[in-house]
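# Structural characterization, general
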Amino acid sequence: SVAVLDIGYSHLNVIVFEKGHYKFNRFINQGSQSIDQNLVSFMDVSFDDAEKLKSDIAHLNKEFELPDELLDPSEPQAQKMRVLNIVRNTVDSWVDDIDRIFKYYTTRGMGNSIEQIYLYGGSSRLKGLDEYLQDAFGIPTSCISSLTNVNIGQYTGDAALGSYINALGTMIRR
């Protein structure tokens, strides 16, 4: 079975497919807005600044070299570490909710398991999210970067395809 995660601003949608057929989906009332809210609360910054801090993260899995002496909290390195910890803690709460959904599915039938996770949606572009989730679940995880059987012609834009999957799906259904 395959799980497809739509990671949006206000919610996550977890969709499970088994042998290419839709089984079920569940919404989680969290998304990148949760990251922004936590950054605003804990860093005492505006929402615009929170968005910038989030986009400046080099990689969600990046580990910082800890200095021998204590860092001054106002130093850029200390702030980057703090932002990364806030983002990771928020994503960890997503992981807990997603894991509950996976456990629901895997306990409903013999042999039910999730073998692959695919990510899409605007917030799936958070650098290193795919690797972070792969480490958390122990399941191969990747961002959707192309679609088969969908011709988008001479598209030359630089926006990630995963941001448009909902719109493409709507057009295909019509």
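Further up the page is the structure itself.
Read on for a plain summary of the structure. (Residues numbered from 1 in each chain as written. Predicted model: local features only at pLDDT ≥ 70, side-chain atom pairs only at ≥ 80, totals over all residues. Heavy atoms only, no water.)

### Things to note about the sheet that holds strand 4 (residues 116-120)
Read across the sheet, five strands follow the order 3-2-1-4-5 without closing on themselves; strand pairing throughout is mixed. The two strands at the open ends of the sheet, each matched to only one other strand, are strand 3 (21-28) and strand 5 (141-143). On average, each strand axis in the sheet is tilted by 20° relative to the strand beside it, whichever way the strands run. The pairing of strand 1 (residues 2-7) with strand 2 (residues 12-18) spans six bridges and is antiparallel. Opposite alanine 3, over in strand 2, you have valine 16 as the bridge partner. (Pairing = 2+ DSSP bridges. Helix = DSSP H or I, 4+ residues; strand = E, 2+ residues; numbered from the N terminus. Axes fitted to C-alpha atoms, helices over the stretch in contact; angles between N-to-C directions.)

### Re the nonpolar core
Membership of the largest hydrophobic core comes to 35 residues, with the highest contact counts inside it found for Val87, Val91, Ile98, Phe102, Ile117 and Leu129. Every element with two or more residues in this core is listed here: strand 1, strand 2, strand 3, helix 1 (32-43), helix 3 (76-106), strand 4 and helix 4 (129-137). For this core, the element with the highest residue contribution is helix 3, accounting for 11 residues. Those residues within four positions of isoleucine 98 in sequence are excluded, and the remaining contacts are Leu5, Leu12, Val14, Ile28 and Phe137. (Core = buried A, V, L, I, M, F, W, Y, C linked by side-chain atoms within 4.5 Å. Buried < 20%, exposed > 50% of the residue type's maximum accessible area, 1.4 Å probe, protein only. Contact = heavy atoms within 4.5 Å.)

### Quick notes on the packing of helix 3 against helix 4
One way to put it is that helix 3 packs onto helix 4 with a least axis distance of 11 Å and a crossing angle of 50°. In this view, helix 3 runs oblique relative to helix 4, as classed from their interaxial angle. Regarding helix 3 and helix 4, the two cross each other, and that crossing is right-handed. Note on element contacts: helix 4 touches helix 3 through Leu129, Tyr132, Leu133, Ala136 and Phe137, opposite Arg88, Val91, Asp92, Trp94, Val95, Ile98, Asp99 and Phe102. Residue classes in the contact of helix 3 with helix 4 are distributed as 10 nonpolar, no polar and three charged. (Parallel < 35°, antiparallel > 145°, perpendicular 65-115°, else oblique. Left-handed = near helix turned anticlockwise from the far one by under 90°. Nonpolar A, V, L, I, M, F, W, Y, C, P; charged D, E, K, R; others polar.)

### With respect to the pattern of salt bridges
By the definition in use, this model includes five salt bridges. Between lysine 54 and glutamate 51 there is a salt bridge whose closest N-O contact spans 3.5 Å. Taken as a pair, lysine 54 and glutamate 51 lie in helix 2 (residues 47-55) at a separation of three residues, close to a single helical turn. Among the residues examined, lysine 54 registers a relative accessible area of 8% and is labelled buried. Relative accessible area serves as the criterion here: at 37%, glutamate 51 is assigned to the partly exposed category. Its salt-bridge partner being lysine 52, residue aspartate 56 comes within 3.0 Å of it at the nearest N-O pair. Each of Asp36, Glu51 and Lys54 takes part in a single network of salt bridges with overlapping partners. (Salt bridge = Lys/Arg side-chain N within 4 Å of Asp/Glu carboxyl O.)

### Things to note about the pairing of strand 3
Note: strand 2 against strand 3, seven bridges, orientation antiparallel. Paired with isoleucine 15 across the two strands is asparagine 25, which belongs to strand 3. The turn linking strand 2 back onto strand 3 is made up of two residues, and lysine 19 within it adopts a positive phi angle of 50°.

### What about the environment of arginine 125?
Tracing the backbone through its elements, the reader meets arginine 125 in the loop between strand 4 and helix 4. Each C-alpha atom of the pair arginine 125 and serine 55 lies 9.2 Å from the other, and the pair is 70 residues apart in sequence.

### Some thoughts on the packing of aromatic side chains
Considering all chains together, one arrives at four aromatic pairs under this definition. Aromatic side chains phenylalanine 17 and tyrosine 22 sit 6.2 Å apart centroid to centroid with 75° between the ring planes, which places their arrangement in the edge-to-face category. A relative accessible area of 28% places phenylalanine 17 in the partly exposed class. Residue classification places tyrosine 22 among the partly exposed residues on the basis of a relative accessible area of 48%. An angle of 35° between the planes, with centres 6.0 Å apart, marks the rings of phenylalanine 24 and tyrosine 105 as tilted. Taken together, the residues span a long stretch of sequence, with phenylalanine 24 in strand 3 and tyrosine 105 in helix 3 at a distance of 81 residues. On the accessibility criterion, phenylalanine 24 (10% relative accessible area) is buried. When its relative accessible area of 3% is taken as the criterion, tyrosine 105 is described as buried. Feature note: the residues Phe24, Tyr104 and Tyr105 constitute an aromatic cluster, connected by ring pairs. (Phe/Tyr/Trp six-rings, centres within 6.5 Å; stacked < 30°, edge-to-face > 60°.)

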